[in-house]
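Chain residues, written in single-letter form:
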Amino acid sequence: MDAMNGKQKLVVVAMDLLLIAELGFSIHHGAVGDGDLTMVFLKSFVPAAILTVVGARFLIRRLQTATTAADPQARPPAAR
């Protein structure tokens, strides 16, 4: 697995926080709404989570540097 640089790690942290916030909002929105809890939750959480994960993956790949994008075979194996 390739190592991630600092900007990529910040994107992962932001993605995690966004997913937690989306989960909380969706649960609250489903509980307060007059409709079916499950359908309201799924209609609000699934699209938001998909957009968040796809956007984060795009940013992680976009922020890749030459050292993190290098072929893992080019590095010497770790000493055992």
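The paragraphs below set out a description of the structure included in this document. By convention here, each chain's residues receive numbers from 1 onward along its written sequence. Whole-chain, interface and lining totals are the exception, using all residues; otherwise, since this is a predicted model, local features are given only for residues with pLDDT of at least 70 and side-chain atom pairs are given and counted only at 80 or more. Just so you know, side-chain values use all the structure's heavy atoms and leave hydrogens and water out.

This part takes up helix α2 (residues 37–62). Compared with the 38 Å implied by 1.5 Å per residue over 26 residues, the 37 Å span of α2 between its first and last C-alpha is a close match. Only protein chains enter the accessibility calculation, which uses a 1.4 Å probe; a residue is then buried when its area is under 20% of its type maximum, exposed when over 50%, and partly exposed in between. Helix numbering and strand numbering both begin at the N terminus, where a helix is a DSSP run of H or I of at least 4 residues and a strand a DSSP run of E of at least 2. Looking at α2, one finds that the buried residues are S44, F45, A49, T52 and A56. If you follow the buried residues of α2, they end up packed against α1 (6–32). Multiplying one less than the number of residues by 1.5 Å gives the expected span of a helix. What makes two residues a contact is simply this: any of their non-hydrogen atoms within 4.5 Å.

Turning to the packing of α1 against α2, a few remarks are in order. Whenever a helix is involved, its axis is fitted only over the stretch in contact; in every case the axis is a line through C-alpha atoms, and angles between N-to-C directions fall within 0 to 180 degrees. At a minimum axis separation of 8 Å, α1 and α2 run at an interaxial angle of 170°. Between α1 and α2, the crossing angle belongs to the class labelled roughly antiparallel. For the contact of α1 with α2, the class distribution of residues is 18 nonpolar, six polar and one charged. Convention used here: angles under 35 degrees read as roughly parallel, angles over 145 as roughly antiparallel, angles from 65 to 115 as roughly perpendicular, and any remaining angle as oblique. For this scheme, ten residues count as nonpolar: Ala, Val, Leu, Ile, Met, Phe, Trp, Tyr, Cys and Pro. Four count as charged, namely Asp, Glu, Lys and Arg, and the remainder, Gly too, count as polar.

Let us now look at α1. In this model α1 runs 39 Å from its N-terminal to its C-terminal C-alpha over 27 residues, within 8% of the 39 Å that 1.5 Å per residue would give. Taken residue by residue, α1 has Q8, V11, M15, E22, S26 and G30 as its buried positions. Under this definition, polar contacts are N or O atom pairs within 3.5 Å; protein pairs additionally need one hydrogen-donor-capable and one acceptor-capable atom, and for neighbouring residues in sequence, both atoms have to be side-chain atoms. N-cap assignment for α1: the residue whose side-chain oxygen lies 3.2 Å from the backbone N of K7 is N5.

That is the geometry; function is a separate question.
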